[in-house]
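# Breakdown of the fold
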Amino acid sequence: MAAAAEQWVLVEMVQALYEAPAYHLILEGILILWIIRLLFSKTYKLQERSDLTVKEKEELIEEWQPEPLVPPVPAGHPALNYNIVSGPPSHNIVVNGKKCVNFASFNFLGLLDNPRVKAAALASLRKYGVGTCGPRGFYGTFDVHLDLEDRLAKFMQTEEAIIYSYGFATIASAIPAYSKRGDIVFVDRAACFAIQKGLQASRSDIQLFKHNDMADLERLLKEQEIEDQKVKLKYKYKARIFLEESLSFGVLGEHGRGVTEHFGIRIDDIDLISANMENSLASIGGFCCGRSFVIDHQRLSGQGYCFSASLPPLLAAAAIEALNIMEENPAIFSVLKEKCKRIHKALQGISGLKVVGEPFSPALHLQLQESTGSREDDVKLLQEIVDHCMQRSIALTQARYLEKEEKCPPPPSIRVVVTVEQTDEELERAARTIKEAAQAVLL
Amino acid sequence: MANPGGGAVWNGDLHNHRKESRSLQGGNCPKNGILKEAQQNGKPHFYDKPIVESFEEAPLHVMVFTYLGYGLGTLFGYFRDFLRNSGIEKCNAAVEREEQKDFVPLYQNFENFYTRNLYMRIRDNWNRPICSAPAALFDVMERVSDDYNWTFRFTGRIIKDVINMGSYNFLGLAASYDESMKTVKDVLEKYGLGVASTRHEMGSLDKHKELENLVAKFLNVEAAMVFGMGFATNSMNIPALVGKGCLILSDELNHASLVLGARLSGATIRIFKHNNMQSLEKLLRDAVIYGQPRIRRAWKKILILVEGIYSMEGSIVNLPQIVALKKKYKAYLYIDEAHSVGSVGPTGRGVVEFFGLDPRDVDVFMGTFTKSFGASGGYIAGRKDLVDYLRVHSHSAAYATSMSPPIAEQIIRSMKLIMGLDGTTQGLQRVRQLAKNTRYFRQRLNEMGFIIYGNEESPVVPLLLYMPAKVAAFARHLLNRKIGVVVVGFPATPLAEARARFCVSAAHTREMLDTVLENLDEMGDLLQLKYSRHKKSARPELYDETSFELDD
């Protein structure tokens, strides 16, 4: 019965074939032939991969010459001839064999030489040895670290602080922990290299605003708001603030708490404050402080925190002692401010050099009033001034940058650093020497 | 279960580890003809012992239970989140400020799911604070939690003399002060602690120069440069060496610092399977023959990034084959010896010495001083023109503070000890003791029936635990028995392969190791951890283990 049904269907089909119009049959026939051709033709690839024979491949491998791993560096490059410091890099420094007064190291509070700090570090050395042999997660957390974090949080009047073992890594790890692809960051043009690297690692959208120009920042925020159609600048535009205070921690403010104290801003309004302990606290490492909600996240996602060995305890102990000293005599901050103002005034009016920087900033730059046109020549001229001063026992340095790597390289300059340990007489002498050097070299 | 130490960055796939027992005899590599040529390099003291590395796969029921465990944990996590969100349960985590509630969230919530619900339950096993030097015996501060690990408080008691199987103290040089450290004390008193300036400016001390010369001598290379942090050494110098238009071939399980440095450099990154020479060769061939994708120009340079010892797997890089490949395809080799410098090799000089190769074959040596030297910081060494270039162009030299003088002195002192320059043979003894301890420890663990990963000569010993609950039980029980171990889970390791990682040290005596092994035996029985299906006996192998390589 089924066979009959099949046969019957077949008959129907044959009949349909006879009854179909000719063009229909021809079209179908062409299509079938085309399909058969496609099925059996050689498939071709988009690239001519299969065209290279093994012999040709071997030849290509033989012929290929890579660039040398590193291009040659001219022997006279200044970075190859570092200034070698023998002995402690503190107030009286011995550079290349010559005794000088140190106007180059960021030793703002003069704590590099402090006997109390050294004694605390020594006590820690006796108890813990030198290294921690592990990251924070794996028995690298010492009670000294927890102490230091507590003290820093209390000092800055925030909820929590987290310490890193390297100053550069602090902000460079903090930024990518929060800001990822798809986020937008508004950065000052003159942001330091560590911030730039952190931003690069975060893969976020970066918008630069002119240095210290709030109008420019507002303009950028407005543009972003229009783009987003979303509804004082932070609360108005719902952005968060990360502050990098490496040079202002321990300098500005009545108690040395930095910019927030200086301007009287509530510290709760700032989401994250990052600073390194290598300037005022005369130790090594860095820290971030802020609310627990913000800081705790870094304990699992800050790369420089999770994947790196913790700070050696003797450096942490030294930082604690330095904090103690800072808390005990808050008068040093006003002394420092006085000295800064004094040198700022004394350096005005040098022919050929202009002073760049605020009067209360402990590090100011001397740039050439008129550039020679090429950055290299500017650098050479400034170096001559520096050498001149070094010969007269004033240790100065040029501010060094990697010009090709910086987003907006600042113009070449000499950096003058003021510390609490410099006496007024030394400040006068320095100003005089720089004036003479500028006159001798530039005129 | 984060916080990887020298952690591997996980790329999101599940790893299928198979038993690979490779034997590297003279030239009988059973693979295709190309590899065979690449191997002959005619060096007189070629490493001719068989490399024994094993990555045994777990039995099926273990994997099933592991995933079940995670599944259950996740379900409960959702349930608890629901309770917390609807206000039935109080939320203990820190929350955003009231004024900022309508801001864009600061960090992703999903990342946080794992932290809140799975990691938080067992997080007392990490970040354990200690209050003594991280020597072979150390003191752990006791801490308890009243609210299921959301907050901790210290009881004030100290658990004394815990055996330290977690710190990277390979040669036992991390110890509290004794007379041999006198030079460190003197340097501290003379130089102070901080430097407050960069290498380019006023921060180059004579101590740094002394240290750099010593490092170059130690590694038998032309020059070296030191940096203040090991992590930063990678992330700041790889961008100086390669840039756009260059190719980086990086091992699957490279450390986060290498990955970060590679990403920051802007070069194209291609990943090859862990320690797999076929995968590397294929990538090299394709790179040299076909050049850059789309524009077809040749690559400017090809850099191979590998590590000496991989800290999560315990495997040692297959250096002779990599050197042969690199010579054939004219690539450059960058080797990160964070764990291997000081701990492998007959005199502790690292993997190059371990395999008996010429240091000139490796282009860039990088290492850290944290592990075997008991200090902190990193170095890069190699030919003089390389180091000169880095002196000028390294980000760290221009922008970061240089190394602290007492730390530099500690490294100088340790290095002199290892090299024998202090007049004793203590250094050599320590290296030998480490090798002996490693072999003994690994052999006993294998006999007991645990699954151990890695090369039999590597002092980093991962012991597989798999299930998340066992991870916590293991660490807690052992601490009660006064043994401190490190356990690692996701995301430092693949999800289903949580492990405990032991770091054998030269400072461990035979008694300490025996105590640990006894306790591990008991733990293995208690927690049913002896998954290995290979019965090992205490007697040496009586047959030749032929090599067979499984195809991917």
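Residues numbered from 1 in each chain as written. Chains lettered and ligands numbered in written order. Predicted model: local features only at pLDDT ≥ 70, side-chain atom pairs only at ≥ 80, totals over all residues. Heavy atoms only, no water.

As named in an unreviewed UniProt entry, chain B is serine C-palmitoyltransferase, taken from Suricata suricatta.

Filter applied, for reference: UniProt positions are given in the numbering used here, feature names are shortened, and annotations may be inferred rather than shown by experiment.
Per an unreviewed UniProt entry, chain A is named Serine palmitoyltransferase 1, and its organism is Suricata suricatta. Recorded in UniProt for chain A, the comment headed Sequence similarities (unreviewed entry) runs: "Belongs to the class-II pyridoxal-phosphate-dependent aminotransferase family." According to the UniProt record, the Cofactor (unreviewed entry) comment for chain A reads "pyridoxal 5'-phosphate".

### Points about the overall build of chain B
Inclusion rule: Helix numbering and strand numbering both begin at the N terminus, where a helix is a DSSP run of H or I of at least 4 residues and a strand a DSSP run of E of at least 2. Working definition: with a 1.4 Å probe on protein chains only, accessible area under 20% of the residue-type maximum means buried, over 50% means exposed, and in between means partly exposed. All accessible areas in this document rest on Shrake-Rupley with a 1.4 Å probe, and a residue is counted as covered only by the protein chains that are shown.
Looking only at helices and strands, chain B features 16 helices and 17 strands. Counting every position in chain B, which comprises 552 residues, the buried fraction comes to 64%. As displayed, chain B offers around 21000 Å² of accessible surface, 54% of which is attributable to carbon and sulfur atoms.

### A look at the interface of chain B and chain A
Applied cut-off: The criterion used for residue contact is that any of the two residues' heavy atoms lie within 4.5 Å. The term buried area denotes the loss of accessible surface (1.4 Å probe radius) that occurs when two parts are joined, taken as the sum for both partners. A pairing counts as a salt bridge when a side-chain nitrogen of Lys or Arg comes within 4 Å of a carboxyl oxygen of Asp or Glu. Whenever two N or O atoms come within 3.5 Å, that pair is a polar contact, provided that in protein one can donate a hydrogen and the other can accept it, and provided that, for residues adjacent in sequence, both atoms are side-chain atoms. In this count, Pro and Cys sit with the nonpolar residues alongside Ala, Val, Leu, Ile, Met, Phe, Trp and Tyr, while Asp, Glu, Lys and Arg are called charged and the others, Gly among them, polar.
Contacts between the two partners involve 120 residues from chain B, matched on the other side by 113 residues from chain A. For the chain B face of the interface with chain A, the top three residues by lost area are B:L106, B:M202 and B:Y399, together amounting to 8%. Taken together, chain B and chain A are joined by 2 salt bridges. A salt bridge links B:R285 to A:E58; the nearest nitrogen and oxygen atoms lie 3.4 Å apart. For the pair chain B and chain A, the interface holds 28 residue pairs in polar contact (both at pLDDT 80 or more). By residue number, the principal contributor to the side of chain B that touches chain A is helix α11 (residues 384–393) of chain B, which donates 7 residues. By residue class, the composition of the side of chain B that touches chain A is 65 nonpolar, 30 polar and 25 charged.

### Concerning the pattern of salt bridges
Residues and elements named next belong to chain A. Evaluated as defined, the whole model comprises 45 salt bridges over all chains. In this structure, E149 and R136 form a salt bridge, with 3.2 Å as the shortest nitrogen-oxygen distance. One end of the pair, E149, is in helix α5 (residues 143–156); the other, R136, is in the loop between α4 (115–128) and β4 (141–142), and 13 residues separate them in sequence. Judged by relative accessible area, which is 7%, E149 ranks as buried.

### Things to note about the sheet that holds strand β8 (residues 242–244) of chain A
Residues and elements named next belong to chain A. Which entries qualify depends on this criterion: Criterion used throughout: strands pair if DSSP finds at least two bridges between them. Orientation is described by axes fitted as lines to C-alpha atoms, over the contacting stretch for helices, and by angles from 0 to 180 degrees between their N-to-C directions.
Spatial ordering of the open sheet is given by β5-β10-β9-β8, a layout of 4 strands whose pairing is mixed. For this open sheet the edge positions go to β5 (160–164) and β8, each flanked by a neighbour on one side alone. Strand-to-strand, the axes of this sheet are offset by a mean angle of 20°, without reference to chain direction. Of the pairings in the sheet, the one linking β8 to strand β9 (residues 272–276) comprises 3 bridges and is parallel in character.

### Concerning a nonpolar patch on the surface
The condition is simple: Patches here are clusters of residues that have more than 30% relative accessible area and form no salt bridge, with a 9 Å joining cutoff for like charges and a 5 Å cutoff for nonpolar side chains (Val, Leu, Ile, Met, Phe, Trp, Tyr).
There is a patch of nonpolar side chains on the surface, built from A:I32, A:L33, A:I35, A:I36, A:L39 and A:F40 and spanning about 690 Å² of accessible area. Mapped onto the secondary structure, A:I35 falls in helix α2 (residues 22–40).

### Notes on the pairing of strand β7 (residues 205–209) of chain A
Regular strands have side chains that alternate between both faces of the sheet. All names here are of chain A. Under the convention used in this document: Note on handedness: a crossover is taken as right-handed if, strands pointing away from the viewer, the path from the first strand over the helix to the second is clockwise.
Strand direction decides the pairing type here: strand β6 (residues 184–188) and β7, joined by 5 bridges, are parallel. Bridged to D188 within β7 is F209. Note that the unit made of β6, helix α7 (residues 193–202) and β7 has a crossover that is right-handed.

### Some remarks on helix α14 (residues 426–448) of chain B
In an α-helix, one full turn covers 3.6 residues, which means residues spaced three or four apart are oriented alike. Residue and element names in this part refer to chain B. To keep things clear, this is the line we draw: Every helix has an expected span of 1.5 Å times one less than the residues it contains.
Taking 1.5 Å of rise per residue, 23 residues should cover 33 Å, and α14 covers 33 Å from first to last C-alpha, within 8% of that figure. Listed in full, the buried residues belonging to α14 are G427, V431, L434, N437, T438, Y440, F441, R442, L445 and M448. Packing partners of the buried residues in α14 comprise α13 (405–419), β13 (454–455), β14 (460–466), β17 (498–503) and α16 (510–527). Positive backbone phi, at 105°, marks G449, one or two positions downstream of α14.

### Here's the deal with the domain arrangement of chain B
Put simply, the rule is: What marks off one domain from the next here is an automatic or database domain assignment.
Each assigned domain of chain B is listed here: domain 1 (60–124) and domain 2 (179–419). Computed over C-alpha atoms only, the centres of domain 1 of chain B and domain 2 of chain B are separated by 39 Å.

### Looking at the UniProt feature "transmembrane region" (unreviewed entry) in chain A
Residues given the UniProt feature "transmembrane region" (unreviewed entry) here are residues 20–40 and 161–179 of chain A. This span, residues 20–40 of chain A, is 90% helix and 0% strand, and a straight line between its end C-alpha atoms measures 29 Å.

### Comments concerning the domain arrangement of chain A
Residue and element names in this part refer to chain A. According to the domain assignment, chain A consists of domain 1 (79–111 + 330–442) and domain 2 (130–230 + 239–328). The straight-line distance from the C-alpha centre of domain 1 to that of domain 2 is 27 Å. Facing the 15 residues of domain 1 at the interface are 24 residues of domain 2. Buried area between domain 1 and domain 2, both sides added, is near 1800 Å², and the carbon and sulfur share of it is 66%. Considering only the surface of domain 1 that becomes buried against domain 2, L111, F333 and K407 emerge as the three largest contributors, covering 33% of it. Counting across the domain 1 and domain 2 interface gives 0 salt bridges. Linking domain 1 to domain 2 there are 2 residue pairs in polar contact (both at pLDDT 80 or more). In the side of domain 1 that touches domain 2, the residues fall into 10 nonpolar, 1 polar and 4 charged.

### Structural notes on the state of the cysteines
Filter applied, for reference: Sulfur atoms of two cysteines make up a disulfide when they are within 2.5 Å.
Counted under the stated rule, the structure contains 0 disulfides over all chains. No disulfide involves A:C133; its nearest neighbouring cysteine sulfur is the one of B:C503, lying 9.9 Å away. The class for A:C133 is buried, based on a relative accessible area of 0%.

### Things to note about the side chain of B:D336
All names here are of chain B. The following threshold applies: When charges are counted, neither His nor the chain ends are considered; positive counts come from Lys and Arg and negative counts from Asp and Glu.
In this fold, D336 is placed in strand β10 (residues 332–336). K371 provides the closest opposite charge to the buried, unpaired D336, separated from it by 7.0 Å. Separated by 3.0 Å, the side chains of D336 and N234 make a polar contact. Polar contacts involving the side chain of D336 include one to the main-chain amide nitrogen of A338, which spans 3.0 Å. When near neighbours in sequence (up to four residues on either side) are disregarded, D336 contacts N234, L258, V306, E307, G308 and M366.

### With respect to the sheet that holds strand β14 (residues 397–398) of chain A
Residue and element names in this part refer to chain A. Read from one edge of the open sheet, 4 strands run β11-β12-β15-β14, paired in antiparallel fashion. Two strands lie at the open edges of the sheet, namely β11 (353–356) and β14, each paired on one side alone. Looking at chain direction, β11 and strand β12 (residues 363–368) are connected through 4 bridges and run antiparallel. Bridge assignment links K354 to a residue of β12, and that residue is Q367.

### Some points on the nonpolar core
How we decide: Nonpolar cores are built from buried Ala, Val, Leu, Ile, Met, Phe, Trp, Tyr and Cys residues. Side-chain atoms within 4.5 Å join them into one set.
If you look at the biggest cluster of nonpolar residues, it comprises 231 residues, and the most contacted ones within it are A:L347, B:I302, B:L319, B:F441 and B:F474. Ranked by residues supplied to this core, first place goes to helix α13 (residues 313–328) of chain A with 11 residues. In this view, B:F474 contacts B:L465, B:V485, B:V487, B:A500, B:F502, B:L520, B:M523, B:L527 and B:L529; residues no more than four positions away in its chain are not counted. With 42 residues, the next largest nonpolar core counts A:Y164, A:A172, A:V185 and A:F293 among its residues.

### Notes on helix α15 (residues 375–391) of chain A
All names here are of chain A. For α15, with 17 residues, the first-to-last C-alpha span of 24 Å sits near the 24 Å given by 1.5 Å per residue. Every buried residue of α15 is accounted for by D378, L381, L382, I385, V386, H388, C389 and M390. Positive backbone phi, approximately 65°, marks S393, located one or two places after α15.

### A closer look at the packing of aromatic side chains
Condition: Think of it this way: a Phe, Tyr or Trp ring, Trp meaning its six-membered ring, pairs with another when their centres are within 6.5 Å, and the plane angle makes it stacked under 30 degrees, edge-to-face over 60, tilted otherwise. We count a charge as sitting over a ring when the NZ of a lysine or the CZ of an arginine lies within 6 Å of the ring centre and within 35 degrees of the ring normal.
A full pass over the atoms with the stated rule returns 20 aromatic pairs over all chains. When the ring of B:Y78 is compared with that of B:F113, the centres are 4.8 Å apart and the planes differ by 35°; the resulting orientation is tilted. Placement of B:Y78 in helix α2 (residues 60–85) and of B:F113 in helix α3 (residues 109–119) is noted, with a sequence separation of 35 residues between them. For B:F113, a relative accessible area of 7% translates into the label buried. Judged by centre distance (5.6 Å) and plane angle (35°), the ring pair of B:Y119 and B:W126 falls under tilted. Using a relative accessible area of 4% as the deciding quantity, one classes B:Y119 as buried. You can call B:W126 buried: its relative accessible area is 0%. Three or more aromatic residues link up through ring pairs in this structure, and these residues are B:F218, B:F369, B:F373 and B:Y379. The ring of A:W34 has A:R37 sitting right over it, with the charged end atom 5.3 Å from the ring centre. Taking NZ or CZ as reference, A:R126 lies 5.1 Å from the ring centre of B:Y177, over its face.

### Concerning the packing of helix α15 (residues 468–480) of chain B against α16(B)
Residues and elements named next belong to chain B. Defined as follows: Take the far helix as your reference; a near helix turned counterclockwise from it by less than a right angle gives a left-handed crossing, and one turned clockwise gives a right-handed crossing.
Where α15 contacts α16, the two axes come as close as 11 Å, and the packing angle between them is 145°. Of the two elements, α15 crosses α16, and the hand of that crossing is right-handed. Residues K470, A473, F474, H477 and L478 of α15 lie in contact with α16, whose contacting residues are N519, L520, M523, L526 and L527.

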